[in-house]
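Okay, here's what each chain looks like letter by letter:
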Amino acid sequence: MRRRTVFCLLLFFWTAHAVHAASVDEDTLWQRLRAGEVVVLMRHAATTPGIGDPPGFELGKCATQRNLSEAGRRDARAIGAAFRQRGVHPGAVWSSRWCRCLDTARLAFDQAKPEPTLDSMFNDDDAASRAKLRELRAKLAARRETSPLVLVTHDVNIRALTGEYLAQGEMLLAVPRSDRLEVIGRLDARAGVARSAAR
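The structure presented is a predicted model; accordingly, all values stated were derived computationally and were not measured. (Residues numbered from 1 in each chain as written. Predicted model: local features only at pLDDT ≥ 70, side-chain atom pairs only at ≥ 80, totals over all residues. Heavy atoms only, no water.)

Peer 1: What is the right way to read the pattern of salt bridges from this model?
Peer 2: Pairing between side chains becomes possible if they bear opposite charge and their charged atoms approach one another. Here the structure, examined in full by the defined rule, presents 12 salt bridges. One salt bridge in this structure joins lysine 139 and glutamate 115, with 3.0 Å as the shortest N-O distance. Here lysine 139 is found in helix H5 (residues 126–142), whereas its partner glutamate 115 is found in the loop between strand E3 (113–114) and H5, with 24 residues between them in sequence. Residue lysine 139 is classed as partly exposed on the basis of its relative accessible area of 30%. Across the pair aspartate 155 and arginine 159 runs a salt bridge, and its minimum N-O distance is 2.9 Å. Highlighted residues: aspartate 155 and arginine 159, both in helix H6 (residues 155–162), separated by 4 residues, approximately one helical turn. Of the residues examined, aspartate 155 reaches a relative accessible area of 12% and is grouped as buried. For arginine 159, a relative accessible area of 40% translates into the label partly exposed. (Salt bridge = Lys/Arg side-chain N within 4 Å of Asp/Glu carboxyl O. Helix = DSSP H or I, 4+ residues; strand = E, 2+ residues; numbered from the N terminus. Buried < 20%, exposed > 50% of the residue type's maximum accessible area, 1.4 Å probe, protein only.)

Here it is as structure tokens:
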């Protein structure tokens, strides 16, 4: 009997989730973006193969880092074109100082403000990662502009912020809350595909 009750509860929550997921379609997400007060968490576009960066890489020297591939550069331009076609104009674009993020932001949106709190946490210890997240959340809480804000960063940072995994060039839409980002959807502007972020 207890197993049946647990099963019914799980079925209820799964059904409620499925209804919610179905309601978050591409048009709804673009409308939310046009309305403003949304943060876009974007993973940099496709790179040359690899994980992390070569030993001894330097932030100021793109040649020492893992950078965008030609496909990634095309994807970044396509993302920018999708935003413009749908009338979405970011008020600001903050980027990790890694070249693959800065290049993604500039190719897509013609702007990029280097933001250290978005720098890759791949080699950070727990204390450094937590400090980065705290500082980023404080900056988001202090922002008063209502136009969309785009954050171009890395997979490890996005997972730490939201628990969600993104493909290169994919985006999460989120609404800032007092102590977190509430994810409202997942958008792949490269292919014009959007779906619910909760999965």
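Now that the structure is up, let's keep going.
Peer 1: Could you clarify how one ought to interpret the environment of glutamate 164 in this entry?
Peer 2: You can see glutamate 164 is positioned in the loop between H6 and strand E5 (171–176). Among the residues examined, glutamate 164 registers a relative accessible area of 14% and is labelled buried. Taking the C-alpha atoms as reference points, glutamate 164 and arginine 186, 22 residues apart in sequence, are found 9.7 Å from one another. At 2.5 Å, the side chain of glutamate 164 forms a polar contact with the side chain of arginine 186. (Polar contact = N/O pair within 3.5 Å; in protein donor to acceptor, adjacent residues only side chain to side chain.)

Peer 1: Explanation requested: unusual backbone geometry in the structure shown.
Peer 2: Across residues other than glycine, the phi torsion is negative in most instances, and most of the peptide bonds are trans. Even without being glycine, glutamate 37 reaches a positive phi, approximately 55°. Within the chain, aspartate 110 stands out as a residue other than glycine whose phi angle is a positive 60°. Within the fold, aspartate 110 resides in the loop between helix H4 (99–109) and E3. Judged by relative accessible area, which is 66%, aspartate 110 ranks as exposed.

Peer 1: Got a minute to help me understand the confidence of the model for the protein in this structure?
Peer 2: Segments scoring low in pLDDT should not have their predicted coordinates read at a detailed level. Mean pLDDT over the protein works out to 86, with 83% of the residues at or above the 70 mark. For the stretch residues 1–23, pLDDT sits under 50, and the model shows 4 contacts to residues farther than four places along the chain or on other chains. In this model residues 192–199 is a low-confidence stretch, pLDDT under 50, and it forms 26 contacts with partners more than four residues away in sequence or in other chains. (pLDDT = per-residue confidence, 0-100. Contact = heavy atoms within 4.5 Å.)

Peer 1: In this structure, what is going on with the nonpolar core? I would like to understand it.
Peer 2: Burial of nonpolar side chains together is a common tendency in soluble globular proteins. With 25 residues, the main nonpolar core has Trp30, Leu33, Phe83, Phe109 and Met171 as its most contacted residues. Top element by residues in this core is H4. It accounts for 5 residues. Not counting chain neighbours up to four residues away, the residues in contact with phenylalanine 109 comprise Met42, Ile79, Phe83, Pro90, Val93 and Val150. Among the nonpolar cores identified, the runner-up in size contains 17 residues, and Ala92, Leu118, Leu136 and Ala174 belong to it. (Core = buried A, V, L, I, M, F, W, Y, C linked by side-chain atoms within 4.5 Å.)

Peer 1: Explain the state of the cysteines to me, please; I cannot follow it from the model alone.
Peer 2: Inspection of the entire model under this criterion finds 1 disulfide. A disulfide bridge connects cysteine 62 with cysteine 99, and the sulfur atoms are separated by 2.0 Å. Given an S-S torsion of about -85°, the disulfide between cysteine 62 and cysteine 99 has left-handed geometry. Placement of cysteine 62 in the loop between strand E1 (39–43) and helix H3 (70–85) and of cysteine 99 in helix H4 is noted, with a sequence separation of 37 residues between them. Accessibility expressed as a relative area gives 3% for cysteine 99, which makes it buried. We note that cysteine 101 lacks a disulfide partner, and the nearest cysteine sulfur, in cysteine 99, lies 9.4 Å from it. The exposure class of cysteine 101 is buried, given its relative accessible area of 0%. (Disulfide = S-S within 2.5 Å.)

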